[in-house]
2 protein chains.
Amino acid sequence: MTSPLGDGLHKDGKRLTPQRLKVLNLFENIGSGKHLSAEEVHEKLVKSSSKVSLATIYRTLRLLVQMGLLHELELSEGGHRYELLSNGTPDHHHLICIRCGRTEEFENDEVLEAGKVAAKVNGFKLIESSLNVRAICPNCI
Amino acid sequence: MTSPLGDGLHKDGKRLTPQRLKVLNLFENIGSGKHLSAEEVHEKLVKSSSKVSLATIYRTLRLLVQMGLLHELELSEGGHRYELLSNGTPDHHHLICIRCGRTEEFENDEVLEAGKVAAKVNGFKLIESSLNVRAICPNCI
DNA sequence: GTTGATGCAAAAACTTTGCATCGTG
DNA sequence: CACGATGCAAAGTTTTTGCATCAAC
């Protein structure tokens, strides 16, 4: 049996384990706009009686980011947060209040095109682009 | 004597202290493309015999970000990093290798325009926009 | 069977906080 | 001279690691 995750892992001599699948499945089921911290991933897996140790979650999140399956966010909510980078849904961008941390999401194709060009010019293989717009929200002005 | 920093602070009942000046000056002198962690800011200030406690540096970095003078980056190099957001130099974007962390910078006006629009549509007051392009660099492919 | 992955607990790294004191406005 | 800011040291978070055991290939 093959899977996108399995294929990517095997190419690198890495293994497809139940823990890795559980973490990725969690992101797939929760939807692509959600931002989860390592701790939250842990909690959710424990709740669904799929116990995976926190250490493994940290190791897995890093792996999935390096495989280009997750996106590591820094929205300054204390610690990193992660979101799914699914091929189906379009990349989205974040409008972030620098005072209270409130975030809004939006899409923009020109921005994606700019990312594509930048990667190409520098000889990089593109994974995804995201625009962070820092601003002050109406409540905090 | 007035200063941009001083004015911004006073408006909020906050004070212009030597420590705050030293931190901001460090970023101004080092140039706007540099990414410093709290620890690095501390080291550099100690070296230039301007001792400021690490606790104060953390407090100051947060303050300067909330004032819109520094930008908190998401480059995943372990801990947060900061760079100057000077009004003189144009906003720049980052092309980041998800494997090794190597980063390249580039500029793009259309991206800035997209940020401006997003902020306006949502009623936010724009501070700055930055595009993060995640990719795999030639060495890591 | 090899070798990579996991879990646990301990350690390291990063960041915040309480409180006495200092100094700006 | 009031009240915000600092420094210090202690506490709190977040993340990594060593090592024995387990399990994918």
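See the structure printed just above.
This structure is a prediction, so every number in the text was calculated from the model and none was measured.

(A) Seen up close, the pattern of salt bridges. Residues and elements named next belong to chain B. Throughout the structure, instances matching the rule amount to 8 salt bridges over all chains. For glutamate 40, the salt bridge goes to arginine 81, with nearest N and O atoms at 2.6 Å. Residue glutamate 40 is found in helix H3 (residues 38–47), and its partner arginine 81 is found in strand S2 (residues 81–84); the two are separated by 41 residues along the sequence. Its salt-bridge partner being lysine 116, residue glutamate 113 comes within 3.8 Å of it at the nearest N-O pair. Of this pair, glutamate 113 and lysine 116 both sit in helix H5 (residues 109–121), 3 residues apart, which is roughly one turn of that helix. Assessed through its relative accessible area of 42%, glutamate 113 is described here as partly exposed.

(B) Structural view of the protein's contact with DNA strand C. Neighbouring DNA strand C are 22 residues; Thr56 and Arg59 of chain A together with His10, Arg15 and Tyr58 of chain B lie closest to it. For DNA strand C, the fraction of atoms within 4 Å of the protein that belong to sugar or phosphate moieties is 66%. Here a phosphate oxygen of DNA strand C and a side-chain polar atom of tyrosine 58 of chain B are 2.8 Å apart. Separating a phosphate oxygen of DNA strand C from a backbone N or O atom of histidine 80 of chain B is a distance of 3.4 Å. Among the elements of the structure, helix H2 (18–30) and helix H4 (54–66) of chain A together with helix H4 (54–66) of chain B are those that each provide at least two residues to the surface near DNA strand C. Residues of the surface near DNA strand C, tallied by class, amount to 5 nonpolar, 9 polar and 8 charged.

(C) Region of interest: the nonpolar core. In this structure, Leu95, Phe124 and Leu131 of chain A together with Leu95, Phe124 and Leu131 of chain B are the most contacted members of the largest nonpolar core, which totals 24 residues. If you list the elements that add at least two residues to this core, you get strand S3 (93–97), helix H5 (109–121) and strand S5 (125–136) of chain A together with strand S3 (93–97), H5 and strand S5 (125–136) of chain B. When neighbours within four sequence positions are excluded, leucine 95 of chain A is seen to be in contact with Arg102, Thr103, Glu104, Phe106, Val133 and Ala135 of chain A together with Ala118, Ala119, Asn122 and Phe124 of chain B.

The rules behind these values
Residues numbered from 1 in each chain as written. Chains lettered and ligands numbered in written order. Predicted model: local features only at pLDDT ≥ 70, side-chain atom pairs only at ≥ 80, totals over all residues. Heavy atoms only, no water. Salt bridge = Lys/Arg side-chain N within 4 Å of Asp/Glu carboxyl O. Helix = DSSP H or I, 4+ residues; strand = E, 2+ residues; numbered from the N terminus. Buried < 20%, exposed > 50% of the residue type's maximum accessible area, 1.4 Å probe, protein only. Near = heavy atom within 4 Å. Polar contact = N/O pair within 3.5 Å; in protein donor to acceptor, adjacent residues only side chain to side chain. Nonpolar A, V, L, I, M, F, W, Y, C, P; charged D, E, K, R; others polar. Core = buried A, V, L, I, M, F, W, Y, C linked by side-chain atoms within 4.5 Å. Contact = heavy atoms within 4.5 Å.

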